[in-house]
Amino acid sequence: MRLTVELAAGRKSSLLLRNPVMLAAGTCGYGLEYARIAEIERLGAIVSKGTTLRPRRGNAQPRTREVAAGLLNAIGLQNPGIETVIRRYAPIWSTWQTPVIVNIAGETVEEFAELAQRLEGVPGVAGIEVNVSCPNVRAGGRVFGESPEAVAAVTAAVRQSTTLPVIVKLSPNTGDARPTALAAAEAGADAVSLINTLTGMDIDLEARRPLPAHGTGGLSGPAIRPLALRMVYEVACELRERQPGVAVIGIGGITSASDALAFIMAGAVAVQIGTANFVNPRTGVLVLEGIEAFMRAHGIENIAELVGAALP
Amino acid sequence: MRLYRATLAENRMLRQGLHLLELEAPALAQAVRPGQYCMVRCAEEGSFDPLLRRPFFVHSIEGERCRILLQVRGRGTAWLARRSTGEKLDLLGPLGQGWRLPPRLSTLLLVAEGFGVVTLALLAQRASEQGLAVTLVQEVTQLPEGYPAALLPEEVEYHLVTSDGGAGQQRTLLTVLGDYLSWADAVCLGVSRETALQLRRRFERLRRPGFAQVAVLQPLVCGTGTCLACALETSRGPRLICQEGPIFDLQILMQG
């Protein structure tokens, strides 16, 4: 049985994954927190916590709010900064079989470029995921992720600054991710990953204030899966027509192998598990085992046979 | 930290909305220290509503069995309270850092506000097993909310303070605690952050280095230090409640 997938096959910056199951940024820290319990060595790849040039302390409390089958979060990109990540974590990653992709978040095009440059040639860093869609930092994510021109500018700057595989993580808050997906692809992205969280809100009835305290939060979890699936399907159709070399990575409410297979059939070469890691840190491994069981039961030799199987 | 499938050996309702769950969980019983907690799934397998696990302190241990004192507060705890003997529960734990008692201790004061007593129960058991003199002072609004004293080891002295004055004159932790503090070698607080700060301001003794610790409680998301939802500002910089807490030195606690 062949589970290997290649992001951006045929390009210099292609990335080979031993299977299509990845862990999403912000839901597995820097991989060390539950490396053992999550059996990270069995997964296709992990994506680090969103990392900025300088350390960030993050937003005020409360930072999260549980909602029906979902979670609102406004962590505010709390992270120790790129230098600490390179010094503290990359040497450990370099001993792992599982590739680690570093998710980067900048407040200007130049910051994105600088982040990419810092990661160039660092042993243990297998790729870059560009966070143009984090909705929590006013000066950052929203501005870039919701305009095709801005996404193109960031993607081009990162592309010019690195030989690593570049994945651009797209925002769903535009309603239609095809324009930004195409912009990223045309500007040199090897893959696009989608969706990031949807901007949402709850209200604290006693305090009469929005929750999370930041004012809005990114909605994730099973509640967003149908919407994510629709966007992945649309983007996969679009890129197949116009940028067939660019891979699609599906994210959004995946909790099981069935969920993951739906994204794969909708055109995703790989999937990322996010919020479900908080419920069960072993979700990635369970999803992988479920995909294998499905392939055995249906006599499928190569996962590639399933990618895009539901596309028109 | 491990994932467990623990069998529910008993679900005893102590009063409306208060349950004592007894779980067959040998590895957890062996590993857990007072002040550590576990995250429990509170939904059917395959159901994701409610989505997140709920944190519970291990209340007491008997052999290979762990007990959890459960107060029904929302959908998750209500689901858990409805479980029957023989059902499997999905646990992640033990998590966090427990109470860190100083060496050469002979008297231990435990101070609770309402249901915050759950943070202290296993400590009361372990400390009295080790021969310490243990006193628990709990403040509740009304008498029926008091801790079921029968659950405490016999050796533990239990004093109840009712802030609505039902048991005589109105008394609170702020008015009574001074009498106990001079007796204690160390203090462990299972109270709200606001109360902990009030007590620290009121009593000089609570400001002594290494004398008092506090359990900081809030809803948790992951329990493993990955989501960063529970960052707590302390006088020594940010700390994660789920991983570096939930027990903190009272000295480093700051206004929320």
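Residues numbered from 1 in each chain as written. Chains lettered and ligands numbered in written order. Predicted model: local features only at pLDDT ≥ 70, side-chain atom pairs only at ≥ 80, totals over all residues. Heavy atoms only, no water.

1. Let's talk about the sheet that holds strand S8 (residues 107-113) of chain B
Residues and elements named next belong to chain B. Stated formally: Two strands qualify as a pair provided that DSSP identifies no fewer than 2 bridges between them. Labels follow the DSSP assignment, with helices taken as runs of H or I lasting at least four residues and strands as runs of E lasting at least two, numbered in each case from the N terminus. Fitting a line to C-alpha atoms yields each axis, with helices limited to the stretch in contact; the angle taken between N-to-C directions then spans 0 to 180 degrees. We call two residues in contact when some of their heavy atoms are within 4.5 Å.
Spatial ordering of the open sheet is given by S10-S9-S8-S11-S12-S15, a layout of six strands whose pairing is mixed. Strands at the two margins of the open sheet, each flanked by one partner only, are strand S10 (157-162) and strand S15 (247-249). This sheet shows a mean twist of 20° between the axes of neighbouring strands, independent of strand direction. Against the sheet, helix H3 (residues 121-129) makes contact with S8, strand S9 (133-140) and strand S11 (186-190), and its axis sits at roughly 165° relative to S8, the strand it touches most. Contacts between helix H4 (residues 173-181) and the sheet are confined to S8, S9, S10 and S11, with S8 contributing the most and set at about 175° to the helix.

2. Considering the packing of helix H5 (residues 148-161) of chain A against helix H6 (residues 178-186) of chain A
All names here are of chain A. Note the following rule: Note on terminology: angles under 35 degrees are roughly parallel, angles over 145 are roughly antiparallel, angles of 65 to 115 are roughly perpendicular, and the others are oblique. In this scheme the handedness of a crossing depends on how the near helix is turned from the far one: anticlockwise by less than a right angle means left-handed, clockwise means right-handed. Gly is put with the polar residues, along with every residue not named as nonpolar or charged; the nonpolar set is Ala, Val, Leu, Ile, Met, Phe, Trp, Tyr, Cys and Pro, and the charged set is Asp, Glu, Lys and Arg.
One can describe the packing of H5 onto H6 by two numbers: an axis separation of 8 Å at closest approach and a directional angle of 25°. With respect to H6, the axis of H5 lies roughly parallel. Read as a crossing pair, H5 and H6 show a hand that is right-handed. Touching Pro148, Val151, Ala152 and Thr155 of H5 are Pro179, Thr180, Ala183 and Ala184, all from H6. Partitioned by chemical class, the residues of the contact of H5 with H6 number six nonpolar, two polar and no charged.

3. Things to note about the pattern of salt bridges
Heads up, the rule is: When a carboxyl oxygen of Asp or Glu is within 4 Å of a side-chain nitrogen of Lys or Arg, the pair counts as a salt bridge.
With the rule as written, the count across this model stands at 28 salt bridges over all chains. For A:Glu39, the salt bridge is made with A:Arg42, and the minimal N-O distance between the two is 3.0 Å. Look at the salt bridges and you will find they share partners, linking B:Glu22, B:Glu24, B:Glu62, B:Arg65 and B:Arg67 into a network.

4. With respect to the pairing of strand S9 (residues 166-169) of chain A
Within a regular strand, the side chains alternate between the two sheet faces. All names here are of chain A. Where we set the bar: Relative accessibility decides the category of a residue: with a 1.4 Å probe and only protein chains considered, values under 20% of the type maximum give buried, values over 50% give exposed, and everything between is partly exposed. The definition of a right-handed crossover adopted here requires that, viewed with the strands pointing away, the path from the first strand over the helix to the second runs clockwise.
Neither face of S9 is exposed, since Val166 and Val168 on one face and Ile167 and Lys169 on the opposite face are all buried. Across four bridges, the pairing between strand S8 (residues 127-131) and S9 is parallel. Bridged to glutamate 129 within S9 is isoleucine 167. Sheet topology places S9 next to strand S10 (residues 191-194); three bridges connect them, and they run parallel. Opposite lysine 169, over in S10, you have serine 193 as the bridge partner. Viewed along the sheet, the connection from S9 through H6 into S10 turns out right-handed.

5. Examining the UniProt feature "binding site: [2Fe-2S] cluster" (unreviewed entry) in chain B
We count it as follows: UniProt positions are given in the numbering used here, feature names are shortened, and annotations may be inferred rather than shown by experiment. Definitions used for this entry: grid spacing 1 Å over protein atoms alone; cavity, a set of points where a 1.4 Å probe fits but cannot get out; pocket, an open set with protein on both sides within 12 Å along at least 5 of 7 lines; lining residue, one with an atom within 4 Å of a point.
The UniProt feature table records "binding site: [2Fe-2S] cluster" (unreviewed entry) at B:Cys222, B:Cys227, B:Cys230 and B:Cys242. A maximum C-alpha distance of 9.9 Å among these annotated residues, which run over 21 residues, shows that they cluster at one spot. Residues that both appear in the annotated list above and line the largest cavity are B:Cys227. Within the secondary structure layout, B:Cys222 lies in the loop between strand S12 (212-215) and strand S13 (231-234). Not counting chain neighbours up to four residues away, the residues in contact with B:Cys222 comprise A:Phe278, B:Met39, B:Leu92 and B:Cys227. Along the polypeptide, B:Cys242 turns up in helix H6 (residues 241-244). Looking at B:Cys242, the relative accessible area reads 2%, which means it is buried.

6. Some details on the state of the cysteines
Residue and element names in this part refer to chain B. What counts, and what does not: The disulfide definition used here is simple: a pair of cysteine sulfur atoms within 2.5 Å.
According to the stated counting rule, one finds zero disulfides over all chains in the structure shown. This cysteine, cysteine 42, is not joined by any disulfide, and cysteine 38 carries the nearest cysteine sulfur, 10 Å off. Cysteine 188 takes part in no disulfide bond, and the closest cysteine sulfur, belonging to cysteine 38, lies 19 Å away. On the basis of relative accessibility, which here comes to 0%, the residue cysteine 188 falls in the buried class.

7. Focus: the domain arrangement of chain B
Interface extent is often summarised as the accessible area lost during association of the parts. Residue and element names in this part refer to chain B. The following threshold applies: The domain boundaries here were taken from an automatic or database domain assignment. Accessible area that two parts lose when put together, with a 1.4 Å probe and added across both, is what the buried area reports. Counted as a polar contact is a pair of N or O atoms within 3.5 Å, where, for protein atoms, one must be capable of donating a hydrogen and the other of accepting one, and residues adjacent in sequence contribute only when both atoms are in side chains.
On domain assignment, one finds that chain B holds domain 1 (2-95) and domain 2 (107-252). Between domain 1 and domain 2, the C-alpha centre-to-centre distance is 22 Å. Between domain 1 and domain 2, the residue contacts involve 24 residues of the former and 23 residues of the latter. Of the roughly 2000 Å² buried where domain 1 meets domain 2, counting both sides, 67% is carbon and sulfur surface. Of all residues in domain 1, Pro34, Phe57 and His59 give up the largest surface area on contact with domain 2, accounting jointly for 29% of the area buried on that side. Counting every contact that joins domain 1 to domain 2 gives zero salt bridges. Run the count over domain 1 and domain 2 and you get seven residue pairs in polar contact (both at pLDDT 80 or more). Secondary structure elements with two or more residues in the side of domain 1 that touches domain 2: strand S1 (2-15), strand S2 (18-24), strand S3 (37-40), strand S4 (54-57), strand S5 (60-62), strand S6 (65-71) and strand S7 (88-95). A breakdown of the residues in the side of domain 1 that touches domain 2 according to their chemical character gives 17 nonpolar, four polar and three charged.

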